[in-house]
Amino acid sequence: MLAALGLSPDHESVYSVLAGRAQADLAELTVALRLPVAVIEDALYRLTACGLVKSTPDGVFAAAPPAVALGAMISERRAELRNAELALVTLAEEHRKAMAGRTISELIEVVTGVEALRHRFAQVQHAARRQVRMFVTTPHVAVAPGDNPVESQMVAQGVRYRVVMDQPALSSPGMVAETMESLRQGVEIRVTESLPIKLMLADDELALVPLTVAAGEEPGAVLLHRSGLLTAMDALFETVWSHAHPLDLAGLGEPAADVITALDRTILALLLAGLTDQAVATQLDLSLRTLQRRLRHLMDLAGVQTRMQLGWYAARHDWT
């Protein structure tokens, strides 16, 4: 627990034992901790230097009050982090100015290999301070669905995620479940019929664009720094986002008190997103006949004759 303050597990163990008793000498600590004497002596030296432990001339040690001693160390670390944040802002501005005079070869970095792509995929997300925007298409070469732990970390830190998926990606095995999990975490997701490229944008500073490679070739991507090309990627995303169909948990089957079931909501949401009957049936592990029977039931509930009328009715009555 105290690793963030620069203390090792041994240091923490010694301090914990001392915090639980009035005082102890080296022999008592050795018996209590079952650690080598040299390790305990090293820990006591470090803890004393940090002000966490006090010693007497006769070799007895006692823990300083945690609220005081640890509180001071935490405050010091907070100050160091604030200074680091200020340094980050300064360095980022210096970097931005330097980038303005760089050549094309310096503004564009080619990344090759699956491991390198995974590293850059995570790195670009970590670089975002405000938002991450993504186009998700198939095939999934470097990062498979559900294999992006950085997403949940960054969302928890307040970074906005906006994702556009194309219909083939949403139709891929297991994708609906992964999409629902992302929606629960606060990711905003929309779907469109097709996407021209895969894409990831971190604020307006970085873009990662996978390259098209021939079969058998090593996968690659282009990392763009702030430039006219990145501005174009920014505009492309916003245009696609504005025309894409929004997905939400209610539409994908979260429990809701309504005349229709959660399964019905999921069916309608996926069909309105543009998936075929067969793709929806596969995603929901239904037979095609069962799916079509559910649709006929929904049309009867709505009192309509066509699917187009059903879609209109569902939108008007909050069925999706």
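Read on for an overview of the structure. Keep in mind that what you see is a predicted model, and the values were worked out from it rather than measured.

Regarding the nonpolar core
Then step 1. Met134, Tyr161, Met165, Leu170, Leu310 and Trp319 are the most contacted members of the largest nonpolar core, which has 53 residues in total.
Then step 2. A total of five residues in this core trace back to one element, the largest contributor, which is helix H13 (residues 288–302).
Then step 3. Of the residues that make up this core, three or more belong to each of domain 2 (113–247) and domain 3 (262–315).
Then step 4. With sequence-adjacent residues up to four places away left out, Leu170 is seen in contact with Met165, Met175, Val176, Thr179, Val191, Leu247, Leu270, Ala273, Leu275 and Gln283.
Then step 5. In terms of nonpolar packing, the next biggest core, distinct from the first, is built from 19 residues, Leu7, Leu18, Ala43 and Leu52 among them.

Overview of the pairing of strand E7 (residues 188–192)
Then step 1. Bridging between strand E6 (residues 160–166) and E7 involves five bridges; their strand directions are parallel. Bridged to Val163 within E7 is Ile189.
Then step 2. Direction of pairing for E7 relative to strand E11 (residues 245–247): antiparallel, over a ladder of three bridges. In the sheet register, Ile189 faces E11, and the bridge partner there is Leu247.

What to know about the pattern of salt bridges
Then step 1. By the definition in use, this model includes nine salt bridges.
Then step 2. Note that Asp204 is salt-bridged to Arg130, the shortest N-O span being 3.7 Å. Taken as a pair, Asp204 in the loop between strand E8 (199–202) and strand E9 (206–210) and Arg130 in the loop between helix H6 (114–127) and strand E5 (131–136) lie far apart in primary sequence, 74 residues in all.
Then step 3. Among the ionic pairs, Arg307 bridges to Asp277, the shortest N-O distance being 2.7 Å. Of this pair, Arg307 sits in helix H14 (residues 307–316) while Asp277 sits in helix H12 (residues 277–283), and the two are 30 residues apart along the sequence.

Observations concerning the sheet that holds strand E2 (residues 53–55)
Then step 1. An order of E1-E3-E2 is seen for the three strands of this open sheet, with the pairing classed as antiparallel. Strand pairing shows two members of the sheet lacking a second neighbour, strand E1 (24–25) and E2, which therefore form its edges.
Then step 2. In this structure, E2 lies alongside strand E3 (residues 60–63), joined through three bridges in antiparallel fashion. Bridged to Ser55 within E3 is Phe61.

About the cut-offs
- Residues numbered from 1 in each chain as written.
- Predicted model: local features only at pLDDT ≥ 70, side-chain atom pairs only at ≥ 80, totals over all residues.
- Heavy atoms only, no water.
- Core = buried A, V, L, I, M, F, W, Y, C linked by side-chain atoms within 4.5 Å.
- Buried < 20%, exposed > 50% of the residue type's maximum accessible area, 1.4 Å probe, protein only.
- Helix = DSSP H or I, 4+ residues; strand = E, 2+ residues; numbered from the N terminus.
- Domains from an automatic or database assignment.
- Contact = heavy atoms within 4.5 Å.
- Pairing = 2+ DSSP bridges.
- Salt bridge = Lys/Arg side-chain N within 4 Å of Asp/Glu carboxyl O.

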